[in-house]
Amino acid sequence: MSNTNKESWDKHAQRFYVEGYLSLDDIDFGSYEYPTNKDLNIIGNVKGLNVLEIGSGSCNCGIALARKGANVTCSDISQEQLNIGMQVAKSAGVNIKFKCSDMADLSFVETGVMDLVISMSALDYVEDFNKVCSEVSRVLKKGGRFVFCCTHPMMFCIGATELWPEEKANPNYNYRGPVEWKWNKDDSYVFTTYRRQLSDYINGLAVNRLYATRMEELFPITPLPDDHDFDENEIKIRTRYPSILVVEATKIAE
């Protein structure tokens, strides 16, 4: 993740976290307008498991798993995000380890000790997905799982013309590379996300002995929650094309 993203998340952390909005009982896949883990049951029973959340932000997913009995470590490039996570974990009465680190550098974790690695809506900010997979594979036990969600590659190219034309991003599905954008147009800081194709995710997993065992392409739930943020055009687009990609992969033997 770039230093620009680190600085931007540090600045954005307090505004992004809204107490009570992020559930500590469930795992969401980027937004509550979409099915959650209660709907998909992709995480499974985590009691007693060693779990690492990378790109954890304010750690709501890690805290939710800790409340279910997992031994959780949360890592994020933004110390300000982790500081919020520490406060929330304390309020929730759970013990979690915290580490400020890039997702492509898990050197603080020993080899072959994790049962589960999760990453929720964070891999879009990573330039080198293969390097992340290499590190995830290293820290996982044989048979351990990597569960992540990210923006669906199709939505990135559809959104370039239909949802975020002000970003002037490349609308072609075959575009690989960075896109700079602002959360709010008047912000003084920018974020960088990195677009890739679906095949890049599958191949990045495969070369690092991570076998994709399940994949879900998410559309908004119906009816939408009363407090959803979609306008009519966005509802139209997001009900036609998948918005979120959810993948479960298992580490296999060499």
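On a predicted model such as this, the values are computed, not experimentally measured, just so you know.

> Sorry if this is basic, but what is going on with helix α7 (residues 198-206) here?
Every buried residue of α7 is listed here: Asp200, Tyr201, Gly204 and Leu205. Seen from one end, α7 has its buried residues packed into an arc of 125°, which puts them on one side. Buried residues in α7 make contact with α5 (129-139), β5 (140-151), α6 (153-162), β8 (210-218) and β9 (244-251).

> Even after reading the chapter, I still don't get unusual backbone geometry, so can you show me in this structure?
Most peptide bonds take the trans form, and the phi angle of most residues other than glycine is negative. With an omega dihedral of -5°, the bond running from Thr222 to Pro223 counts as a cis peptide bond. Along the chain, the position of Pro223 falls in the loop between β8 and α8 (232-238). If you check the backbone angles, Ser121 has positive phi at about 60° while not being a glycine. Its place among the elements puts Ser121 in the loop between β4 (114-120) and α5. One non-glycine residue, Arg209, lies in positive phi territory at about 60°. Position of Arg209 among the secondary structure elements: in the loop between α7 and β8. Note on Arg209: relative accessible area 25%, which makes it partly exposed.

> How should the environment of Pro223 be read in this particular structure?
Residue classification places Pro223 among the exposed positions, given a relative accessible area of 72%. The sequence separation of Pro223 and Glu33 amounts to 190 residues, and the corresponding C-alpha distance is 9.2 Å.

> What is the right way to look at the environment of Lys185 in this model?
Along the chain, the position of Lys185 falls in the loop between β6 (177-181) and β7 (191-195). Accessibility expressed as a relative area gives 75% for Lys185, which makes it exposed. Spatially, the C-alpha atom of Lys185 lies 35 Å from that of Val136, the residues being 49 residues apart in sequence.

> Teacher, can you tell me more about the packing of aromatic side chains here?
Here the distance between the centres and the angle between the planes together describe a pair of aromatic rings. Going through the model one piece at a time under the given rule, you end up with 13 aromatic pairs. Each ring, one from Trp9 and one from Tyr125, has its centre 5.6 Å from the other, and the planes form 75°; the classification is edge-to-face. Of this pair, Trp9 sits in helix α1 (residues 3-16) while Tyr125 sits in the loop between β4 and α5, placing them 116 residues apart in sequence. Judged by its relative accessible area of 8%, Trp9 is buried. According to the relative accessible area criterion, Tyr125 is buried, its value standing at 9%. Their ring planes at 65° and their centres at 5.7 Å tell us that Trp183 and Phe191 sit as a pair that is edge-to-face. Within the aromatic cluster, the residues linked to one another by ring pairs are Trp9, Tyr125, Trp181, Trp183, Tyr189 and Phe191.

Rules used throughout
Residues numbered from 1 in each chain as written. Predicted model: local features only at pLDDT ≥ 70, side-chain atom pairs only at ≥ 80, totals over all residues. Heavy atoms only, no water. Buried < 20%, exposed > 50% of the residue type's maximum accessible area, 1.4 Å probe, protein only. Helix = DSSP H or I, 4+ residues; strand = E, 2+ residues; numbered from the N terminus. Arc of directions from axis to C-beta. Contact = heavy atoms within 4.5 Å. Phe/Tyr/Trp six-rings, centres within 6.5 Å; stacked < 30°, edge-to-face > 60°.

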